[in-house]
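Residue-level listing of the chains:
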Amino acid sequence: MTAETDDAGRTENAMSGGRVRGSVIQARNIGRISFAGQPKDDSRERLEAAKSRLADEVRRQWEGEVAAQGLRRPEPIRLQWANTRRAVAVRTAAAPTTPAGQAGPTASAGRATSAGRAASEALGRCVDLDELVRAFRALPQGHLVMLGERGSGKTVWVMLLTLGLLGSYEPGDPVPVLLTASSWDSGNTWVPGVEHLRTWLARRLVEEYPFLADKEAYGAGVAQRLVTGGHVFLLLDGLDEMSEALHASALGELDDSGQDLLVLTCRVAEYERAVERSGRVLSRAVVKEMLPIGVRQAEGFLTADRPWEDTRWQSLLAELRDRPDFPDLPLSRALTSPLMVALARVIYAPPAKDPRELLRLPDRESVERHLLTAFLPAVYRPRPAPPGAPGRAPGSYGLEDARGWLGFIARHMARNGTHDLAWWQVACAVPGWVAGLVFGVVSGLMFGFIGAAAGGPVIGLVFGTAFGSAGFLVQAVPSRRPSPARVEIRLRGTVRVFALRFALGCVTGMALGFGFELPCWAQLVLGAPFGLAVALHAWLRAPSDATKVASPGLAFEQDRVSTIVLGVSFALPFGLTFGTVFAFTDPRVSAWPSLGPVGGLTFNTVFGLAGALAGWTVGHLSYGRVGRFAYSAVGAVVSGVVFPPADDPGFAFGTGIAFGVACGLVVMLGRPWGAFVFAHALLALTGRLPWRLMRFLHDAHRRGVLRQAGAVFQFRHARVRDRLTSHRDDL
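As the structure is a computational prediction, the values presented were derived from the model and not from experiment.

## Considerations on the pattern of salt bridges
Point 1. Under the defined criterion, the tally for this structure stands at 27 salt bridges.
Point 2. The closest approach of N and O atoms between Arg-364 and Glu-368, which form a salt bridge, is 2.8 Å. Taken together, the residues Arg-364 and Glu-368, both in helix H14 (residues 364-379) and four residues apart, mark about one turn of the helix.
Point 3. A relative accessible area of 23% means that Arg-364 is categorised as partly exposed.
Point 4. Taken together, the salt bridges that share partners define one network made up of Asp-240, Glu-244, Arg-267, Glu-270, Arg-273 and Arg-277.

Take a look at the structure:
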């Protein structure tokens, strides 16, 4: 017999063969005995707190995006949809037939089928957001697929549905979470057949809403508990934006995932091919399809924010409606697309612009191409920035500069087959051999000068060659890099962890001091900076404020803090170790075994092993597999090579500080923020990107060129990106 407790706190005992209902007393904790599997007393409260904060943040995120795109000025365009007639859904909406000689469905089954059919039909008749939400909640299946052509309004529809569901959200309901199926970073992309959908969803929740990683507030693994407990309602936008090779397997994973509530959007052709290749459909899904909007809906949206005396669109469309060939006119056909209607409203907002110029275009493709081309000049008209907005005044960006920069970004995204613009992937826009050559030369010169100052020209050549070669390798050879750290500095509640890490760092520093044959007092002194370097990371914690998540700017700031802390934590011990050893150790009379001379140089084996371990740590944290190999070799060579100690301790520590700063820079340039700074500087020097890239991207978002999806930007629509790609300038 097992005990089950429902959400209201009532308890049922279940036995094989039936259920026992009534008042039941459950013993959870008796003295010091607790039954395995029972949660802590506050686990439900903490889970509900996490749900509440998640709902607030998702609502804030998408309300901001809807406002940025002007979708509610004064109200969204009236989209239309209906049941699809394509062979991509099971026949659940139709009443089941009963073969001759068999009993018909029970009354309850008949009522359920009738209710499901009624809910599906109601969903197809919805004319506003509230009706859509009510009809969806009435669906017994809980799964919905919305198909549509390019520019048909699928993303706008799913954004508004998310906000509508959150508008009627009550404690105990699953939290609607809208995620995109595409991602710039391959580490964020769900790969069907390799990673379970729920595992991916839990990971993406923490990445998009880092406060869920706060163990103190919500307990360990709260994102996983939200997903597996059915507390998250997934809305997945743009299945077609995943790699086409994954579409078929994605359908099977979605159907088998166990998600009680699911909304999926996809282009029509891609979904049909996925069904054909996989041989299966979403078995519980009602499948709808976006319809072209009517001229009345288009006219209402085009004139909704215009003064009453501005009748340019009304007079034009009234004149066209009187023509017998009105439905087949190029302009009439173009205005059936919500995307084109939205672009036309922006382009022809100034009174001096006359939409009648569209009548001169010969076909629908020409009208759409004209609107896509005219969009950028329209949005880059000078206008002031809103109070408190990041970046400089929008009017300070010229049209030609913006077109060139956005065109470069669009072409880079197209080459990589992605719809996501993630700042940490800007480094991929620089060819590896170029980045490697620049980084290698700079590293070689920097460390070469330090080595020459410490041990003469030959040692300088050794240092420069070693670090220069490693710098070229880690940039030129592709390797998986770390993802941005979503952390903030928090001191409260870190005393115990800080003390433990400080003690561990002290022991490590003293052990290295012993290995480098330092005097006892120097070993003790060296322990302190190592302890501080290790303990600093105790202050980097998951963000606790739900208002500080899911934005490119915040992800940028958080990783910058993490990168600087990491750089300091390496610069401090490396610099002091180099300076102390250079001042107080003479490797020429070391008790440890040596190799050599090799080419006139002698290498201390123990010193080299210590340096190899330090180099492996640098490569592991910043440069991946190639970095581990390259900087292990560098550490062994640089630490093992024997040269005389300094005559002046002050000079020794000055050289050590320079060495530590250089090592800190190497570590930082391998992290996402550091790699961005390095690559962005190269691209800005050649005019491909602006010097203040994040400000420019925020400005483009305010203008409606970009939209924001969590920590990444996307172009307003793939067709806008494609049009910018076709404007090719050889920058």
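## Describing the confidence of the model for the protein chain
Point 1. Of all residues in the protein chain, 80% have pLDDT values of 70 or greater, and the mean over the chain is 80.
Point 2. Overall, residues 1-41 carries pLDDT values under 50, and its contacts beyond four positions in sequence, including any with other chains, amount to 40 contacts.
Point 3. Of the regions scoring below 50 in pLDDT, residues 184-188 engages in 19 contacts with residues more than four places distant in sequence or in other chains.

## Some points on the layout of surface pockets
Point 1. As a volume, the largest pocket reaches approximately 1,200 Å³.
Point 2. In terms of lining residues, the largest pocket is bounded by 50 residues, among which Leu-512, Phe-530, Phe-570, Phe-574 and Ala-614 are the most central.
Point 3. Broken down by secondary-structure element, the contributors of at least two residues to the lining of the largest pocket are helix H17 (457-476), helix H18 (495-515), helix H19 (520-535), helix H20 (552-584), helix H21 (605-622), helix H22 (624-640) and helix H23 (649-669).
Point 4. Top contributing element to the lining of the largest pocket by residue count: H20, with 10 residues.
Point 5. Here the residues of the lining of the largest pocket sort into 37 nonpolar, 12 polar and one charged.

## Focus: the packing of aromatic side chains
Point 1. Enumeration according to the criterion identifies 27 aromatic pairs in this entry.
Point 2. Ring centres of Trp-423 and Trp-424 lie 5.5 Å apart, and the angle between their planes is 90°; this geometry places the pair in the edge-to-face category. The same class applies to Trp-423 as to Trp-424, namely buried.
Point 3. Through a chain of ring-to-ring contacts, the aromatic side chains of Phe-447, Phe-463, Phe-467, Phe-578, Phe-582, Phe-643, Phe-651 and Phe-659 assemble into a single cluster.

## So, the sheet that holds strand S7 (residues 143-148)
Point 1. Taken in spatial order, the six strands line up as S6-S11-S7-S10-S9-S8 in an open sheet, and their pairing is mixed. Either end of the sheet is taken by a strand with one partner, and the two such strands are strand S6 (80-83) and strand S8 (175-180). Averaged over neighbouring strand pairs, the angle between their axes works out to 20° when direction is ignored.
Point 2. Lying over the sheet, helix H9 (residues 268-278) contacts S7, strand S10 (262-267) and strand S11 (285-291), oriented at roughly 110° with respect to S10.

## Some words on the side chain of Thr-418
Point 1. In this fold, Thr-418 is placed in the loop between helix H15 (399-415) and helix H16 (432-455).
Point 2. Of the residues examined, Thr-418 reaches a relative accessible area of 4% and is grouped as buried.
Point 3. A polar atom in the side chain of Thr-418 sits 3.1 Å from the backbone nitrogen of Asp-420.

## Description of the nonpolar core
Point 1. If you look at the biggest cluster of nonpolar residues, it comprises 178 residues, and the most contacted ones within it are Trp-157, Tyr-271, Tyr-380, Tyr-631 and Phe-715.
Point 2. Ranked by residues supplied to this core, first place goes to helix H4 (residues 154-167) with nine residues.
Point 3. Dropping the residues within four chain positions of it, Tyr-380 is found in contact with Tyr-397, Leu-399, Ala-402, Leu-406, Phe-696, Asp-699, Ala-700, Arg-703 and Val-705.
Point 4. Judged by nonpolar contacts, the second largest core, of eight residues, contains Leu-518, Ala-522, Phe-530 and Val-581.

## Quick word on the packing of H16 against H23
Point 1. Relative to each other, H16 and H23 sit at 165°, their axes nearing to 10 Å. By the angle between their directions, the pair H16 and H23 is classed as roughly antiparallel. Pair H16 / H23 crosses with left-handed handedness. Between H16, through Phe-439, Met-446, Phe-447, Ile-450, Ala-453 and Ala-454, and H23, the contact on the second element is made entirely by Phe-651, Thr-655, Ala-658, Phe-659, Ala-662, Cys-663, Leu-665, Val-666 and Leu-669.
Point 2. Among the residues forming the contact of H16 with H23, the class breakdown is 14 nonpolar, one polar and no charged.

## Remarks on the environment of Leu-71
Point 1. Tracing the chain through its elements places Leu-71 in the loop between helix H1 (43-68) and S6.
Point 2. For the pair Leu-71 and Ala-342, spaced 271 residues apart in sequence, the C-alpha to C-alpha distance is 8.9 Å.

## Quick word on H1
Point 1. Taking 1.5 Å as the rise per residue, H1 with 26 residues should run 38 Å; its terminal C-alpha atoms sit 37 Å apart, in good agreement.
Point 2. Positive phi appears at Gly-70, one or two residues downstream of H1, with a value of about 65°.

## Observations regarding the pairing of strand S9 (residues 232-237)
Point 1. Across the six residues of S9, six count as buried, placing the element largely inside the fold.
Point 2. Burial along S9 is two-sided: Val-232, Leu-234 and Leu-236 and Phe-233, Leu-235 and Asp-237, pointing in opposite directions, are all buried.
Point 3. Across six bridges, the pairing between S8 and S9 is parallel. Within S9, the residue paired with Pro-176 across the bridge is Phe-233.
Point 4. Both S9 and S10 contribute to a ladder of three bridges, which runs parallel. Opposite Leu-235, over in S10, you have Val-263 as the bridge partner.
Point 5. Note that the unit made of S9, helix H8 (residues 244-256) and S10 has a crossover that is right-handed.

## Some points on the environment of Glu-517
Point 1. Here Glu-517 lies in the loop between H18 and H19.
Point 2. Separated by 64 residues in the primary sequence, Glu-517 and Val-581 have C-alpha atoms spaced 8.2 Å apart.

## Quick notes on a nonpolar patch on the surface
Point 1. On the surface, Trp-433, Leu-437, Val-441, Leu-445, Phe-449, Phe-472, Leu-473, Val-477 and Phe-629 cluster together to form a nonpolar patch covering roughly 940 Å² of accessible area.
Point 2. Take Val-441: it is sitting in helix H16.
Point 3. What makes Val-441 partly exposed here is its relative accessible area of 45%.

Parameters and conventions
Residues numbered from 1 in each chain as written. Predicted model: local features only at pLDDT ≥ 70, side-chain atom pairs only at ≥ 80, totals over all residues. Heavy atoms only, no water. Salt bridge = Lys/Arg side-chain N within 4 Å of Asp/Glu carboxyl O. Helix = DSSP H or I, 4+ residues; strand = E, 2+ residues; numbered from the N terminus. Buried < 20%, exposed > 50% of the residue type's maximum accessible area, 1.4 Å probe, protein only. pLDDT = per-residue confidence, 0-100. Contact = heavy atoms within 4.5 Å. 1 Å grid on protein atoms, 1.4 Å probe; cavity = no way out; pocket = protein on both sides within 12 Å on 5 of 7 lines; lining within 4 Å. Points joined across faces, edges and corners; volume = space filled by probe spheres on them. Nonpolar A, V, L, I, M, F, W, Y, C, P; charged D, E, K, R; others polar. Phe/Tyr/Trp six-rings, centres within 6.5 Å; stacked < 30°, edge-to-face > 60°. Pairing = 2+ DSSP bridges. Axes fitted to C-alpha atoms, helices over the stretch in contact; angles between N-to-C directions. Polar contact = N/O pair within 3.5 Å; in protein donor to acceptor, adjacent residues only side chain to side chain. Core = buried A, V, L, I, M, F, W, Y, C linked by side-chain atoms within 4.5 Å. Parallel < 35°, antiparallel > 145°, perpendicular 65-115°, else oblique. Left-handed = near helix turned anticlockwise from the far one by under 90°. Expected span 1.5 Å × (residues − 1). Right-handed = clockwise from strand over helix to strand, strands pointing away. Patch = residues over 30% accessible without salt bridge, like charges linked within 9 Å, V, L, I, M, F, W, Y side chains within 5 Å. Areas by Shrake-Rupley, 256 points an atom, 1.4 Å probe, with all protein chains shown as cover.

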